[in-house]
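What follows is each chain in one-letter form.
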Amino acid sequence: MKMWLLVSHLVIISFTSCLSGASPFPVYKWRMNNGDIDLTSDRYSMVGGNLVINNPDKQKDAGIYYCLASNNYGMVRSTEATLSFGYLDPFPPEERPEVRVKEGKGMVLLCDPPYHFPDDLSYRWLLNEFPVFITMDKRRFVSQTNGNLYIANVEASDKGNYSCFVSSPSITKSVFSKFIPLIPLPERTTKPYPADIVVQFKDIYALMGQNVTLECFALGNPVPDIRWRKVLEPMPSTAEISTSGAVLKIFNIQLEDEGTYECEAENNRGKDKHQARIYVQAFPEWVEHINDTEVDIGSDLYWPCVATGKPIPTIRWLKNGYAYHKGELRLYDVTFENAGMYQCIAENTHGAIYANAELKILALAPTFEMNPMKKKILAAKGGRVIIECKPKAAPKPKFSWSKGTEWLVNSSRILIWEDGSLEINNITRNDGGIYTCFAENNRGRANNTGTLVITDPTRIILAPINADITVGENATMQCAASFDPALDLTFIWSFNGYVIDFNKENIHYQRNFMLDSNGELLIRNAQLKHAGRYTCTAQTIVDNSSASADLVVRGPPGPPGGLRIEDIRATSVALTWSRGSDNHSPISKYTIQTKTILSDDWKDAKTDPPIIEGNMEAARAVDLIPWMEYEFRVVATNTLGIGEPSIPSNKIKTDGAAPNVAPSDVGGGGGSNRELTITWVPLSREYHYGNNFGYIVAFKPFDGEEWKKVTVTNPDTGRYVHKDETMRPSTAFQVKVKAFNNKGDGPYSLTAVINSAQDAPSEAPTEVGVKVLSSSEISVHWEHVVEKIVESYQIRYWAAHDKEAAAHRVQVTSQEYSARLENLLPDTQYFVEVRACNSAGCGPPSDMIETFTKKAPPSQPPRIISSIRSGSRYIITWDHVVALSNESTVTGYKVLYRPDGQHDGKLYSTHKHSIEVPIPRDGEYVVEVRAHSDGGDGVVSQVKISGVSTLSPTLLGLLLPALGIVVYLAI
């Protein structure tokens, strides 16, 4: 344990071992640098087992401390603690010189931290003022090893004053250096230069479980990319790369993470590499440690104390707090002098661990008080029994036995063990009776008695017999036994040496509890895994008897093994395998299956020979697709079914071959002026058959002699456009397409006849006219052009305040003579023109037409005054709508009478301010009123009516008080 102290008036040092729970309560003593501490001094005091130092002083109190705790059973020593005084001096007061660097060059600003302890500083850099810290990125890096600031290549934005800011987390103190002016020097062109690693990690020794940090940063222009790897091994799973690649952290490092690590920096001018090794070591850890032990006086003791670690720990011993022994501890002919408190200490360069134990030396006359003999011992006739005699005694006593008044001696049936136990073999009824064990040593003697009762033996009288079944069938294993009627009998079944748990295996295994003294086992729906040896054990508390039988389960074959792929060709491969288990039914045939990227399903392959006999272990898969990635597996079959497949092979790729399939649906035509468009359906991946796959497109005029050929290298395209300014429009061409790859060309497709693109129309539509429909709609009409090559007409229109380039377009078929333009702006000047078009483009425009949309319709809705029922009709009245200056004049009103919830109804037109509508027969109706003008329809007002009331309550509540009128309701 280590302690760092900055400034304090009080320090407390404590150890778990010094806060002892011993009885009697221990006495504590503290030592520093192997000298006793005077606890009577005012500077020291002790609370429990803790040492308290008042006004600690570096000169007097820095050192190594440990504690001793003792009582009348012995003394133990605590682990050691080092008390150190931490400090962080200020930076020197001298100004730091300015640094001038050409833009594009790399540079380093040195931190040069002041004197400090401990060495756990963290570093940051201030820019111009506190607390503005620079942010590390791919171009800038602050090393936490030496504090230096590295810039891969300097930019004009780096100009400023820099200060190294140093913090010590142990003593919670920070200091910063004088500012360093950095002045980038402009360059007309910054010169690139290769990566140069300037922050290099060194060989490091790490303690298992620690976090390890490696730093690597390079100068260069452009800024280098940094990559990490572990040489010849995968990176640890806990490795994490941060700070734009400059830092590799390995968390909770383990022994297997030891190795050589490499950092590589690279830009387009070159690369640089650096390697160093991490050595992982470990703190001592117990494999076996000592515990409180009692041994007999005069005996020998081997006290094992084993620890692991890296380096391998050494072992030393303390007795009652003082050095006693090194290495393995063995004590011979122990006496009371050997009693005491022992400590085993395992230590290496990383620390020490302590194990404490008390050694007691025993000396006492034999006594059976703690461990008396059993009063009743049961044994089966013909069997074997051991009667234990284990008194507590020190030194070890001598033993003798009697049956009744007869002294027993070793014979062919009777044996007295060294530990005092009595063994009797081939038991008869006459062996029953009272047995006495006598124990004696140099401190006294004692005896104890027990009664041996002889029972009938347990015997299997109906043993299980071998069975042979097929998968899915049931099997019965019989088992019956004779036993002593005074005892309880239990049957235990085991399978291949493992006891069957009927609670977990109740699907396939069942017991027959209907028969007394019978342990019959039923195996239901047997599977291949149930084949093996079954053992029935009939057991009482006295003895047991067992019998076994074998179950053979016949079924489909097991998976073949050792699948290998050899002699790989374009359309075939050779396969070899080893025979799997036939599961007691001969294999009749094998099937080879394949899987490709074209499907997730396994499919049966064609083979040579077509039928693979069951005694074969090799065959050839044929009719494969060239240059295709395959997996293979083999399946065996017998008369009982198809077996499990083998483990799939590694993926292989068949050799390439020239394509043998031609593209389909070759055609084309159309396109822009002076173009010949050729199309086809691209071949799917399975027909590529090799690398560098593409298409050769051949074409010629219909009556021409020489084919022109072009290469299309994109395997996924199905279109080629040939441009030729001399090409006549609508010229017939013969075209054909074939595939090719690095192995050769495939066959051509069937020849197709297509036409080159036609010319765009040369005439402009005539008699173009415009009819203004409303504030947002106009209708355009024209006369058709005479040319037959017209496929459509395009109407272009734009507002006078817009540019012509922003014109809107509407396309209609060549059969249309007019078009409706919608969503126009009200009271706005528009320009309109019409063109004739086909696939080659559009012809010249018609004469430009100028038109104005009408003013907008009224924006105010009619205000409904009343809705009065009069006989079989309703009279709806509203105020006249007055249009604004920028709106169209009201020419009348439109009234829509419709069922509530529907959009359609009966439409009325009127120049009045009222209208009569019929009373609804069912439910509610809605009456919508809106003003009408040349600019269109205005905003709607509505009212609901029904056969019950003349006006909705809401509308009544709004209208009546405001209008000051009385409405009489006629029902």
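Going by what an unreviewed UniProt entry lists, the protein chain is known as Contactin-1 and is assigned to Canis lupus familiaris. In its Sequence similarities (unreviewed entry) section, the UniProt entry covering the protein chain states "Belongs to the immunoglobulin superfamily. Contactin family."

Before going further, it helps to examine the pairing of strand β60 (residues 587-595). Across eight bridges, the pairing between β60 and strand β65 (residues 629-638) is antiparallel. Bridge assignment links Y590 to a residue of β65, and that residue is A636. Pairing analysis gives two bridges linking β60 to strand β63 (residues 612-613), with the strands arranged antiparallel. Each bridged residue has a counterpart across the sheet, and for K589 the counterpart in β63 is E613. Pairing between β60 and strand β61 (residues 603-604): two bridges, direction antiparallel.

Next up on the list: the state of the cysteines. Throughout the structure, instances matching the rule amount to six disulfides. The side chain of C111 participates in a disulfide bridge whose partner is C164; the two sulfur atoms lie 2.0 Å from each other. A torsion of -75 degrees about the S-S bond marks the disulfide between C111 and C164 as left-handed. Taken together, the residues C111 in the loop between β12 (107-109) and β13 (116-117) and C164 in strand β18 (residues 160-168) connect sequence positions 53 residues apart. Sulfur-sulfur distance for the disulfide between C305 and C344 comes to 1.9 Å. Residues C305 and C344 are joined through a disulfide that is left-handed, its torsion about the S-S bond being -100 degrees. Of this pair, C305 sits in the loop between β31 (301-303) and β32 (306-310) while C344 sits in strand β36 (residues 340-348), placing them 39 residues apart in sequence. In this structure, C305 and C344 share a single accessibility class: buried.

With that settled, consider the confidence of the model for the protein chain. On average, residues of the protein chain score 87 in pLDDT, and 95% of them are at 70 or above. Segment residues 1-10 is flagged for pLDDT under 50; beyond a separation of four residues in sequence, or across chains, it makes 34 contacts in the model. Counted against residues more than four places away or in other chains, residues 949-971, with its pLDDT under 50, gives 24 contacts.

What follows deals with the sheet that holds strand β17 (residues 149-151). Spatially, three strands are ordered β12-β17-β16 in an open sheet, and the strand pairing comes out antiparallel. Strands with a single pairing partner mark the edges of an open sheet, and in this sheet they are β12 and β16 (140-142). Neighbour-to-neighbour, the strand axes of the sheet open up by a mean angle of 15 degrees, direction not taken into account.

Core analysis: the biggest nonpolar cluster contains 28 residues, and L214, F217, W228 and I278 have the highest contact counts within it. A total of four residues in this core trace back to one element, the largest contributor, which is strand β21 (residues 193-199). With sequence-adjacent residues up to four places away left out, I278 is seen in contact with I204, A206, V212, L214, I250, I253, E258, G259 and Y261. The next biggest cluster of nonpolar side chains, apart from the first, holds 23 residues, and it includes I469, W493, L521 and A538.

A few words now on a nonpolar patch on the surface. A cluster of nonpolar side chains, contributed by Y87, Y115 and F117, occupies part of the molecular surface with about 330 Å² of accessible area. Within the element layout of this structure, Y115 appears in the loop between β12 and β13.

Applying the stated rule across the entire model yields 44 salt bridges. As a salt-bridge pair, R229 and E262 come within 2.8 Å of each other at their nearest N and O atoms. Of this pair, R229 sits in strand β25 (residues 225-230) while E262 sits in strand β28 (residues 259-267), placing them 33 residues apart in sequence. On the basis of relative accessibility, which here comes to 37%, the residue R229 falls in the partly exposed class.

A separate point is the environment of I204. By secondary structure assignment, the location of I204 is in strand β22 (residues 204-207). Assessed through its relative accessible area of 26%, I204 is described here as partly exposed. Once the C-alpha coordinates of I204 and D292 are considered, the two residues, 88 residues apart in sequence, prove to be 41 Å apart. Apart from the residues lying within four places of it in its own chain, the contact partners of I204 are V212, L214, R277, I278 and Y279.

In this structure the tally under the stated criterion is 23 aromatic pairs. Across the ring face of Y66, the terminal group of R77 is positioned such that the distance to the ring centre comes to 3.7 Å. The ring of Y748 is capped by K736, whose NZ or CZ atom sits 4.4 Å from the centre of that ring.

Scoring rules and cut-offs
- Residues numbered from 1 in each chain as written.
- Predicted model: local features only at pLDDT ≥ 70, side-chain atom pairs only at ≥ 80, totals over all residues.
- Heavy atoms only, no water.
- UniProt positions renumbered as here; feature names shortened; annotations may be inferred.
- Pairing = 2+ DSSP bridges.
- Helix = DSSP H or I, 4+ residues; strand = E, 2+ residues; numbered from the N terminus.
- Disulfide = S-S within 2.5 Å.
- Buried < 20%, exposed > 50% of the residue type's maximum accessible area, 1.4 Å probe, protein only.
- pLDDT = per-residue confidence, 0-100.
- Contact = heavy atoms within 4.5 Å.
- Axes fitted to C-alpha atoms, helices over the stretch in contact; angles between N-to-C directions.
- Core = buried A, V, L, I, M, F, W, Y, C linked by side-chain atoms within 4.5 Å.
- Patch = residues over 30% accessible without salt bridge, like charges linked within 9 Å, V, L, I, M, F, W, Y side chains within 5 Å.
- Areas by Shrake-Rupley, 256 points an atom, 1.4 Å probe, with all protein chains shown as cover.
- Salt bridge = Lys/Arg side-chain N within 4 Å of Asp/Glu carboxyl O.
- Phe/Tyr/Trp six-rings, centres within 6.5 Å; stacked < 30°, edge-to-face > 60°.
- Lys NZ or Arg CZ within 6 Å of the ring centre and 35° of its normal.

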